[in-house]
Amino acid sequence: MRTLKSLMLAVGVVLTLTACAPATPPAVDTAADEAALKETTRTWLEAYNAGDVEKIVALYAEDAVLMPPHAPVANGHAAIRAFLTTDTAGAKAAGIKLVPGTSTAGIAGDTGWESGTYTVTNASGATLDSGSYLSVSHKSNGKWLYYRDMYNSDRPLPAATPAEAKK
């Protein structure tokens, strides 16, 4: 009899604990927001290739940070604009295009991220470089804006010339 009481008490405790445990929140469908993040990147790349700096700057929050490879960090719209003005002009003059690769995105509340790959091609279509990126965005007033954005090259820096090595 004592064993039966102990068993019933244990079952009661388990049932009570199970009933008090917080319910698993329902799954949230983030597909539309993930697609919006990827579309923002496509817009960025198309605007870069066209040299449309203002269209790119509009994709960033006022206090955003851009961390490009081999260049200083650009804090805020003015610095991002200055960097992109020089960078896109040089790319356009050289016939360079950025080509998107594969990417993945995720959402947590009003914060989203996307990471992916890209290639850099010349006017003949030859690949000059390839790299990866990571963007963190914040949804404000229904629009995703980059908050932190960085990209890098997969290729090593060119070897230093003998004169540069002596410095």
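The written sequence of each chain sets the order in which its residues are numbered from 1. At least 70 in pLDDT is required for a residue's local features to be given in this predicted model, at least 80 for side-chain atom pairs to be given and counted, and no such filter applies to totals for whole chains, interfaces and linings, which use all residues. Excluded from the side-chain calculations are hydrogens and water; all other atoms, namely the structure's heavy atoms, are used.

Novice: In this structure, what is going on with the pattern of salt bridges? I would like to understand it.
Specialist: Here the idea is simple: oppositely charged side chains can pair when their charged atoms come close. The salt bridge criterion pairs a side-chain nitrogen of Lys or Arg with a carboxyl oxygen of Asp or Glu, the two atoms within 4 Å. One pass over the structure, following the stated rule, counts three salt bridges. One salt bridge connects Asp 33 with Lys 139, and the closest N-O pair in it is separated by 2.9 Å. Residue Asp 33 is found in helix 2 (residues 31-50), and its partner Lys 139 is found in strand 5 (residues 127-140); the two are separated by 106 residues along the sequence. Relative accessibility decides the category of a residue: with a 1.4 Å probe and only protein chains considered, values under 20% of the type maximum give buried, values over 50% give exposed, and everything between is partly exposed. Taking relative accessible area as the criterion, Lys 139 reaches 29% and is therefore assigned partly exposed. Per the convention used, a helix needs a DSSP run of H or I reaching at least four residues, while a strand needs a run of E reaching at least two, with both numbered from the N terminus.

Novice: Looking at this structure, how should I read the sheet that holds strand 3 (residues 97-108)?
Specialist: The pairing of strands in a sheet happens through backbone hydrogen bonds and is either parallel or antiparallel. DSSP calls a pair of strands paired once it identifies at least 2 bridges connecting them. Reading across from one edge, 2-1-6-5-4-3 is the order of the six strands in this open sheet, with mixed pairing throughout. Looking at which strands have only one partner, the edges of the open sheet turn out to be strand 2 (74-75) and strand 3. Note: strand 4 (residues 111-121) against strand 5, eleven bridges, orientation antiparallel. Opposite Glu 114, over in strand 5, you have Ser 135 as the bridge partner. Here helix 2 sits on the sheet in contact with strand 1 (60-67), strand 3, strand 4, strand 5 and strand 6 (143-153), set at roughly 155° to strand 3. On the sheet, helix 4 (residues 76-94) packs against strand 1, strand 2 and strand 6 and is oriented at approximately 50° with respect to strand 1. Contacts between residues were defined by any pair of non-hydrogen atoms, one from each residue, lying within 4.5 Å. For helices, the axis comes from a line fit to the C-alpha atoms of the stretch in contact; other axes are also lines fit to C-alpha atoms, and the angle between any two N-to-C directions lies between 0 and 180 degrees.

Novice: Would you explain a nonpolar patch on the surface in this entry?
Specialist: On the surface, a cluster of nonpolar side chains totalling about 250 Å² of accessible area is made up of Trp 113, Leu 134 and Met 150. If you trace the backbone, Trp 113 turns up in strand 4. The patches described consist of residues with a relative accessible area above 30% and no salt bridge, like charges being joined within 9 Å and nonpolar side chains (Val, Leu, Ile, Met, Phe, Trp, Tyr) within 5 Å. The accessible surface values rely on the Shrake-Rupley method and a 1.4 Å probe; as for residues, cover is taken only from the protein chains in view.

Novice: Teacher, can you tell me more about the side chain of Glu 114 here?
Specialist: Among the structural elements, Glu 114 can be located in strand 4. Positive: Lys, Arg. Negative: Asp, Glu. His and the chain ends are not part of the count. No salt bridge is formed by the buried Glu 114; its nearest oppositely charged neighbour, Lys 38, is found at 5.9 Å. Counted as a polar contact is a pair of N or O atoms within 3.5 Å, where, for protein atoms, one must be capable of donating a hydrogen and the other of accepting one, and residues adjacent in sequence contribute only when both atoms are in side chains. Among the polar contacts listed, one links the side chain of Glu 114 to the side chain of Ser 103, at a separation of 2.9 Å. In contact with Glu 114, not counting residues within four places along its chain, are Leu 37, Lys 38, Thr 41, Ser 103, Thr 104, Ala 105, Tyr 133, Leu 134 and Ser 135.

Novice: How should helix 2 be read in this particular structure?
Specialist: Residues lying three or four places apart along an α-helix face the same way, a consequence of the helix completing one turn every 3.6 residues. The span one expects for a helix is its residue count, reduced by one, times 1.5 Å. The first and last C-alpha atoms of helix 2 sit 29 Å apart over 20 residues, in line with the 28 Å expected at 1.5 Å per residue. Gly 51 lies just past helix 2 and shows a positive phi near 75°.

Novice: What's the story with unusual backbone geometry in this structure? I'm lost.
Specialist: Glycine aside, the phi torsion of most residues is negative, and most peptide linkages are trans. Even without a glycine there, the phi angle at His 70 is positive, about 60°. One can find His 70 in the loop between strand 1 and strand 2. Located in the positive-phi region is Asn 141, a residue other than glycine, with phi close to 55°. Residue position: Asn 141 is located in the loop between strand 5 and strand 6. For Asn 141, a relative accessible area of 82% corresponds to the exposed category.

Novice: How should I be thinking about helix 4 in this particular structure?
Specialist: Helix length check: helix 4, at 19 residues, gives a terminal C-alpha distance of 27 Å against a target of 27 Å (1.5 Å per residue), a fit within 8%. Those residues of helix 4 hidden inside the fold are in contact with helix 2, helix 3 (53-57), strand 1, strand 2 and strand 6.

Spatial relationships are all this shows, so hold off on functional conclusions.
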